Amino acid sequence: MYVDKQYIINLRHELHRIPEIGFDLPKTLAVVRRELDAIGLPYTESFGTSCIVATLNEGVGNKTIAIRADMDALPVQEETGLPFASTHPDKMHACGHDCHTAMLLGTAKKLKEMANDIHCCVKFVFQSAEEGPGGAKTICDDGLMDQIDLMIGCHIYPDKPAGTISLNSICQNAGSHGFKIYLQGKSCHVAKPHQGVDAIAMAVRVYSDIQIMRARELNPFDPVVIGIGEIHGGKANNVICDSVMLHGTIRTHSNELDTHIYKRIEEIANSVAKDMGGTARIETTKFYPVLINDNSVAQSITEAAHKVVGADMVYECPLTMGAEDFAYYTLYKPAALFCLGAMPADGKYIPLHNGKMTINEDMLDIAPNVFIQFVLDNMNK
């Protein structure tokens, strides 16, 4: 059953050199097409934007299992010094999506070799733009989920013990709701502030009131993050600023709570602006739902992982405030995402989304073997 680990590692090196961002993935897609052609799997690019869906055993059995990998990189300058480091300035696979793509190709290669023993249809979903603006949504919008019965996926983590498999049976990832608040005032000379409407003062009040709302209106036992990561406004120290933009994010484990918080932020911004004689406008920049793992699928992943790495290497991971657009798939069909630990052998790790992040490549065959065992365990259920 074992996959070709060296094949996966070699592919990972190739993909790591050519990181691409969002939906703009021409070189990455070319590698995926080349490998699927060599493996002998038919594929389509009719689902999503800059995405590829390959199929094994079309029409076989009464079940279709999908396995997903994301392909996009981050706008990060690589600082690892690796011999296969990024050749694209200010772009890096700092979140392990090169590993995900290589692992799924390794899975597809092995399952094609085992095709006669696979009594169901398997779809391999190579997805764009997980880091934004949400490639999974484009795939769902184009109807792929109508063709499958369940979906699984994996995310690699350099801060988790090497070779471990972990997942949360309740909530794998938080929802992520980006927002921008545009405050409009009136500019004037700083020596005559009464003739203007200070947008910076409005922004200070909006920021403060949002934090008070978080501290005093929400249940302290509900995990919530409301962060303002950007504030832009003002051009000179002697001019009352007339416009400010605040860019923030909401992270929760409840889609309903997310909706409530966004509504309250809009109310706060409008109230402060009106009180100070200005105006406010708020818009959504990105929304990833909460990723709730299906209990049955999560249990099947756990059972498959026990067979691959042993029960002592499989555990329930704690709740996280990180977001993942795999969550879109869970809105349509039973699905679950698990984590693969790939801490470097010396135990010294750099976290994801960092220009110095590296992973333990010796672990790259584990998730594919779990994928394959999952298919074998579930193809006749």
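As shown above, the structure is provided for reference.
Computed from a predicted model, the values in this text were never measured in an experiment.

Remarks on the sheet that holds strand β11 (residues 243–252)
Pairing within the open sheet is antiparallel, and its four strands lie in the order β9-β11-β7-β12. The two strands at the open ends of the sheet, each matched to only one other strand, are β9 (224–233) and β12 (279–288). The average undirected angle you get between the axes of adjacent strands in this sheet is 20 degrees. Both strand β7 (residues 175–184) and β11 contribute to a ladder of 10 bridges, which runs antiparallel. Paired with Ser 176 across the strands is Arg 251, a residue of β11. On top of the sheet, helix α6 (residues 255–276) reaches β7, β9, β11 and β12; it is set at about 160 degrees to β12, its chief contact.

Focus on the environment of Leu 364
In this structure, Leu 364 sits in the loop between β14 (335–341) and α9 (366–378). With relative accessibility at 0%, the residue Leu 364 sits in the buried group. On a C-alpha basis, the gap between Leu 364 and Tyr 262 in space is 39 Å, while along the polypeptide they are 102 residues apart. Residues within four places of Leu 364 in sequence aside, it is in contact with Ile 8, Ile 9, Arg 12, Cys 99, Met 103, Ile 156 and Ile 359.

Observations regarding the sheet that holds strand β6 (residues 165–167)
Strand order in the open sheet formed by eight strands is β1-β2-β4-β3-β5-β14-β6-β13, and the pairing between neighbours is mixed. Each edge of the open sheet is held by one strand with a lone partner, namely β1 (43–44) and β13 (314–316). Pairing between β1 and strand β2 (residues 52–56): two bridges, direction antiparallel. Pairing of Tyr 43 across the sheet is with Ala 54, part of β2.

Notes on the environment of Ser 243
With respect to the secondary-structure elements, Ser 243 resides in strand β11. Excluding its chain neighbours within four sequence positions, the residues that come into contact with Ser 243 are Leu 183, Gln 184, Ala 199, His 232, Gly 233 and Gly 234.

A few points about the pairing of strand β3 (residues 64–70)
Burial within β3 is extensive, with seven of its seven residues counted as buried. Residues Thr 64, Ala 66, Arg 68 and Asp 70 line one face of β3 and the alternating positions Ile 65, Ile 67 and Ala 69 line the opposite face, and both faces are buried. Here β3 pairs with strand β4 (residues 121–127) via seven bridges, running parallel. Among the inter-strand pairings, Thr 64 is bridged to a residue of β4, identified as Cys 121.

Here's the deal with the packing of aromatic side chains
Throughout the structure, instances matching the rule amount to three aromatic pairs. Taking the centre distance of 5.8 Å and the plane angle of 75 degrees together, the rings of Tyr 288 and Tyr 328 count as edge-to-face. Residue Tyr 288 is found in strand β12, and its partner Tyr 328 is found in helix α8 (residues 327–330); the two are separated by 40 residues along the sequence. Looking at Tyr 288, the relative accessible area reads 1%, which means it is buried. For the pair Phe 326 and Tyr 329, a centre-to-centre distance of 5.5 Å together with 70 degrees between the ring planes defines the contact as edge-to-face. Neither residue differs from the other here; Phe 326 and Tyr 329 are each classed as buried. The ring of Tyr 157 carries Lys 160 above its face, with NZ or CZ at 5.5 Å from the centroid. Of note, Arg 281 hangs over the ring of Tyr 182, and the distance from its end group to the ring centre comes to 4.3 Å.

So, the side chain of His 177
Relative to the elements of secondary structure, His 177 occurs in strand β7. Of note is the side chain of His 177, whose polar atom sits 3.1 Å from the side chain of Thr 284. Setting aside residues no more than four positions away along its own chain, His 177 makes contact with Gly 248, Thr 249, Ile 250, Asp 258, Tyr 262, Thr 284, Lys 286 and Phe 287.

Observations concerning the pattern of salt bridges
Counted under the stated rule, the structure contains 20 salt bridges. Of the charged contacts, one joins Glu 14 and Arg 34 as a salt bridge, the two residues approaching to 2.8 Å between their closest N and O atoms. Here Glu 14 is found in helix α1 (residues 5–17), whereas its partner Arg 34 is found in helix α2 (residues 26–39), with 20 residues between them in sequence.

Cut-offs applied
- Residues numbered from 1 in each chain as written.
- Predicted model: local features only at pLDDT ≥ 70, side-chain atom pairs only at ≥ 80, totals over all residues.
- Heavy atoms only, no water.
- Pairing = 2+ DSSP bridges.
- Helix = DSSP H or I, 4+ residues; strand = E, 2+ residues; numbered from the N terminus.
- Axes fitted to C-alpha atoms, helices over the stretch in contact; angles between N-to-C directions.
- Contact = heavy atoms within 4.5 Å.
- Buried < 20%, exposed > 50% of the residue type's maximum accessible area, 1.4 Å probe, protein only.
- Phe/Tyr/Trp six-rings, centres within 6.5 Å; stacked < 30°, edge-to-face > 60°.
- Lys NZ or Arg CZ within 6 Å of the ring centre and 35° of its normal.
- Polar contact = N/O pair within 3.5 Å; in protein donor to acceptor, adjacent residues only side chain to side chain.
- Salt bridge = Lys/Arg side-chain N within 4 Å of Asp/Glu carboxyl O.

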